[in-house]
Amino acid sequence: MIEAKNIDFYYGDFHALKNISMAMEANTVTAFIGPSGCGKSTFLRLFNRMNDLIDGTRLTGECLVDGQNIYSKSIHVDELRKKIGMVFQKANPFPKSIFENVAYGLRVNNMGDKSFIRQRVEESLAAAALWDEVKDKLKKSAFELSGGQQQRLCIARALAVSPSILLMDEPASALDPISTSKIEELIHSLKKDYTIVIVTHNMQQAARVSDKTGFFMLGDLIEFSDTKKMFLSPEKEQTQNYITGRFG
Amino acid sequence: MTSSTDYTYKMKHLRRIIERIVESILTVSGAITSIAILLIVVFLFKEGFGLFSSPSVEKGYVLCVNADNTIEHLNPYQIKKIFDSEIENWKELGGADEAIALFRFEEIFNHYSDEELGEEYSLLPEKLGEVIAQNIGIIAFVPEKYAPKDINGVKILPIESITLSDFFGGKEWMPTSTPSPQLGVLPLILGTLLVSIFAIIIALPLGLGVAIYLSELADERTRKILKPAIELLAGIPSVVYGFFGLVVLVPIVQKTFDLAVGETALTGSIILAIMALPTIITVAEDAMRNTPRAMREASLALGATHWQTIYKVVVPYAASGISAAVVLGIGRAIGETMAVLMVTGNAAVMPHSLFEPVRTIPATIAAELGEAPSGGAHYQALFMLGCILFLITLIISITAEVISKRQPNKGL
Ligand SMILES: Nc1ncnc2c1ncn2[C@@H]1O[C@H](COP(=O)(O)OP(=O)(O)O)[C@@H](O)[C@H]1O
Ligand SMILES: [Mg+2]
C-alpha cells in the first residue's frame, strides 16, 4: 500500500509536482500516463527516494509505504530501496555476468549463503521469464543478451531481493513489440505477488496492464481512476483529449 | 548574367587551388615531422649500438702481457679488478699461479732515461718489450702508438669490443675508470625500477583515494576548486619539485629514518609519487565520473550503499581508465629526470635498500652527457641508456593505449 499526500516537488525553482495525492493498493498495477516532461518519472522516483541523488531538490508532503513515512529520519534508505525495486527505462545491467547481475542485490544486502543465492537467482530469472533462455549461459556477460532480455534481466535483478513493490519507469519504451508484449505478460504474472507502479507513454499499454491509471500533466495529477473508467469515460476533458490523441 | 556565372566559376576555381595548396603544405609538413622523429630515433639507436663496436679498453691503448702468460683475453670487469689490485694472481683468472705485476706506461721512465728511449721515444716500444719479456706476471697498459709489436716475449691482448653482457650484465657503472671503463647498466636499470615501482606503490592508493573522493564524495563546489588545482600541479616544472624535495623532503627522510644522508631511493620515490599523483588522480577521476548514472542508480536501487556502489560498480566500471591512469603515472615516473637527479644522491651502485642513494637512467644521462667525450664508449653507452628508456616508455605507452581502449564490459 503506497500513499502520497499533498506532494509538492521542486528541482531548484522548478515546481515539478503540484499538490499530488493518490493511493496505490497492494497487488495492483497502477499506471502513470501523460505527455513527456509532466513529472511521471519524478513522481515514481519519490517512492524509492531516487530523487535524493539530485542536488537542489525539495519535497513537501508525505509519502507513505505501508503506513510509514519513507522520508522520516528513522528510515534507512538502502533498506527502503531493498523493499522497493525499480526497473529503469533503458535496460541497465551491470558489466558483469548474467548470474552476478541477479546476485548483486543479494550480495550487497548480505542475503543468504552461496546455495541460497544460486536458488534465488534461478527463481528470480524464472519469475522474470528469462530462466529458460539463459540457464546455459549464466556466466556470460549480460551485454550478450538482446535488449528485451536485458530488460527482463533487470526485472529479475530487482525481484531477487524480494521487494514488495516494483517501480517501472517506461520499462518497454526501448523495446520491439515482441519484447514489449513479453514484459507486459510478465507484469500480469507478477501482480499477484507485487504492488506494481508503471510509467508509460503508451496508452494502450496502460490500458492492457493496469488496474488503475493516473493521468499527469505539467506536474498536476489531472485524473486518477480505474483504468477501464479512465479509458472509456474519463471525467476530465484534458484526459479525454489526451487519450483520443488530440495532443500530447 | 554570363559574367556573374563566370565570376562564381573563377572563385570556385581559385578556392580549389588554395585548398590544394593548403592540403599539400599540411601533407609535406606532416611528412617532414614524421621523418624528423624517425631520424631522431634512428640516430639514437645508431649512436647507442656503436657501443658494441667500441673497444673495451680506453681508446688508443692496448694491454700487453708476457708471452708465456696463458690468458688470452680479459673482459672490462676483470681488467678493472686487476688494476684496482682486487685480483692479484693470474690463477684467479684461470692462468698460471703467478702474482700480477701492474705496469703503467709512465713507469717506463723510471727504468730508462730519455736517452735510452731514443729520439722521439723511437726505442720505447723495444724497451717496453724488454721489461715485459722479463716478468711473467706483468700486465702493461700502454698507448697503441708505443706498443711493443712483434717483439719476442710479449703478447698484446687483442682489442675487443664491449659486449652485450658487459653492458646489460655489468654491475658497475664507472664510465671514467681506466684502463677499462665500466659500463654495466644493471645498477641504473635497477635504480630506475626501484625508484619508479616504489613511487607507484605510494602514488596508487593515494591517487585512487583522491580520485574516489573527487568523483564520488566531494560536493560540486569542492570539486570545481580541487580538480583544476590538481591539474595545475601536473604542469609545475620538475626542477621545482626537485628543489622542494631537496629542501624539504631530504632532511625529513634523513631525520625520520636516522640516515647518514637524506638523498635516497625513498626520497626519489616520494618525489616521483607526488609528481605522478596529478596524472593518476585526473585520469582515474575522469574514468570514474564516466561511469554511467544508470549504473549507479541500478546499484543504489537494489539497496546497495553508496560505498558498495563505489567499489562494486564504479571502480570496476572505470577499471580500464584507472589502469591507464596508473600506467601513465608510471610512465611519468620512469622518464622523470630532474627531480630525481636532485634528490636520490646519484650513486651508481647496485641498490640494496630504499635507504641508500641510487641513480636512475634519466638522471645518468642528464648528469653525464655533458662530460662524455663525443663518440667515445661512455658517450655511446649514454645513448644506449636513451634507447633503453625509449623502449621502456614505448612499452608503457602502448600498454596504456591498449588498456584505455579496452571496453569496460570486457574482462569482468
Ligand atoms: N534532474 C533534474 N533537474 C531539473 N529538472 C528536472 C530534472 N529531472 C527532470 N526535470 C524536469 O522535471 C520535469 C518532469 O520530468 P520527468 O519527471 O522526467 O517527466 P516525465 O517522466 O513525465 O517525462 C521536466 O520538466 C523535467 O525537465
Ligand atoms: Mg520519464
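Scoring rules and cut-offs
- Residues numbered from 1 in each chain as written.
- Chains lettered and ligands numbered in written order.
- Predicted model: local features only at pLDDT ≥ 70, side-chain atom pairs only at ≥ 80, totals over all residues.
- Heavy atoms only, no water.
- Helix = DSSP H or I, 4+ residues; strand = E, 2+ residues; numbered from the N terminus.
- Contact = heavy atoms within 4.5 Å.
- Areas by Shrake-Rupley, 256 points an atom, 1.4 Å probe, with all protein chains shown as cover.
- Lys, Arg positive; Asp, Glu negative; His and termini not counted.
- Charge placed at Lys NZ, Arg CZ, Asp CG, Glu CD.
- Near = heavy atom within 4 Å.
- Polar contact = N/O pair within 3.5 Å; in protein donor to acceptor, adjacent residues only side chain to side chain.
- Nonpolar A, V, L, I, M, F, W, Y, C, P; charged D, E, K, R; others polar.
- Pairing = 2+ DSSP bridges.
- Salt bridge = Lys/Arg side-chain N within 4 Å of Asp/Glu carboxyl O.
- Buried < 20%, exposed > 50% of the residue type's maximum accessible area, 1.4 Å probe, protein only.
- Phe/Tyr/Trp six-rings, centres within 6.5 Å; stacked < 30°, edge-to-face > 60°.
- Arc of directions from axis to C-beta.

Details of the overall build of chain B
- Each helix and strand counted, chain B has 15 helices and 6 strands in total.
- C-alpha atoms of chain B, sized along the principal axes, occupy 100 × 80 × 40 Å.
- Of the contacts formed within chain B by residues at least 6 apart in sequence, a portion of 69% connects residues at least 24 apart.
- Of the roughly 21,100 Å² that chain B leaves accessible, carbon and sulfur atoms contribute 63%.
- Considering chain B, the positive charge centre built from 30 side chains and the negative charge centre built from 41 side chains are found 21 Å apart.

Let's talk about the site of ligand 1
Residue and element names in this part refer to chain A.
- Taken together, Tyr-11, Phe-14, Ser-36, Gly-37, Cys-38, Gly-39, Lys-40, Ser-41, Thr-42 and Ile-54 make up all the residues around ligand 1.
- In the environment of ligand 1, an oxygen atom lies 3.0 Å from a nitrogen or oxygen atom belonging to the backbone of Gly-39.
- The protein chains hide 62% of the 550 Å² of surface that ligand 1 would expose on its own.
- Ranked by residue count, the leading element in the shell around ligand 1 is helix H1 (residues 40-46), at 3 residues.
- Among the residues forming the shell around ligand 1, the class breakdown is 4 nonpolar, 5 polar and 1 charged.

Side note on the pairing of strand E10 (residues 220-226) of chain A
Residues and elements named next belong to chain A.
- Examined bridge by bridge, strand E9 (residues 212-217) and E10 share 6 bridges and lie antiparallel to one another. For Gly-214, the partnering residue across the bridge sits in E10 and is Phe-224.
- Here E9 folds back onto E10 in antiparallel fashion, the turn holding 2 residues, of which Leu-218 has a positive phi close to 50°.

Quick word on the pairing of strand E2 (residues 14-24) of chain A
Residues and elements named next belong to chain A.
- Pairing of strand E1 (residues 2-11) with E2 involves 7 bridges; the strand directions are antiparallel. Of the residues in E2, the one forming a bridge with Phe-9 is Leu-17.
- Once E1 ends, the chain turns through 2 residues before running back antiparallel as E2, passing Gly-12 with a positive phi of about 60°.

As for the pattern of salt bridges
Residue and element names in this part refer to chain B.
- Counted under the stated rule, the structure contains 25 salt bridges over all chains.
- Measuring nitrogen to oxygen at the nearest pair gives 2.5 Å for the salt bridge that ties Glu-216 to Arg-296. Of this pair, Glu-216 sits in helix H6 (residues 186-217) while Arg-296 sits in helix H10 (residues 293-301), placing them 80 residues apart in sequence. In this pair, the class of Glu-216 matches that of Arg-296, namely buried.
- The salt bridge partner of Lys-227 is Glu-285, with a shortest N-O separation of 3.0 Å. Here Lys-227, found in helix H7 (residues 220-234), pairs with Glu-285, found in helix H9 (residues 265-289); they are 58 residues apart in sequence, far enough to count as distant. In this pair, the class of Lys-227 matches that of Glu-285, namely buried.

Points about the packing of aromatic side chains
- The final tally for this structure, using the stated rule, is 21 aromatic pairs over all chains.
- Considering the side-chain rings of Phe-215 of chain A and Tyr-242 of chain A, the 4.9 Å spacing of their centres and the 25° angle between planes classify their relative orientation as stacked. Here Tyr-242 of chain A lies in helix H10 (residues 237-243) and Phe-215 of chain A lies in strand E9, a separation of 27 residues in the sequence. Each of the two residues, Phe-215 of chain A as well as Tyr-242 of chain A, counts as buried.
- When the centroid spacing of 5.9 Å and the interplanar angle of 55° are considered together, the rings of Phe-49 of chain B and Phe-52 of chain B count as tilted.
- On the basis of relative accessibility, which here comes to 44%, the residue Phe-49 of chain B falls in the partly exposed class.
- The class for Phe-52 of chain B is buried, based on a relative accessible area of 17%.
- Aromatic ring contacts, followed pair by pair, group Phe-45, Phe-49, Phe-52, Phe-167, Phe-168 and Phe-390 of chain B into a single cluster.

What to know about the sheet that holds strand E4 (residues 57-65) of chain A
- Ordered in space as E2-E1-E4-E5 (chain A), the 4 strands form an open sheet in which the pairing is antiparallel. Strands at the two margins of the open sheet, each flanked by one partner only, are E2 and strand E5 (68-69) of chain A.

Quick notes on helix H2 (residues 76-83) of chain B
Residues and elements named next belong to chain B.
- Within H2, burial applies to Pro-76, Ile-79, Lys-80, Ile-82 and Phe-83. Viewed along the axis of H2, the buried residues span an arc of 160°, placing them on a single side of the element.
- Phi turns positive one or two residues past the end of H2, at Ser-85, with a value near 60°.

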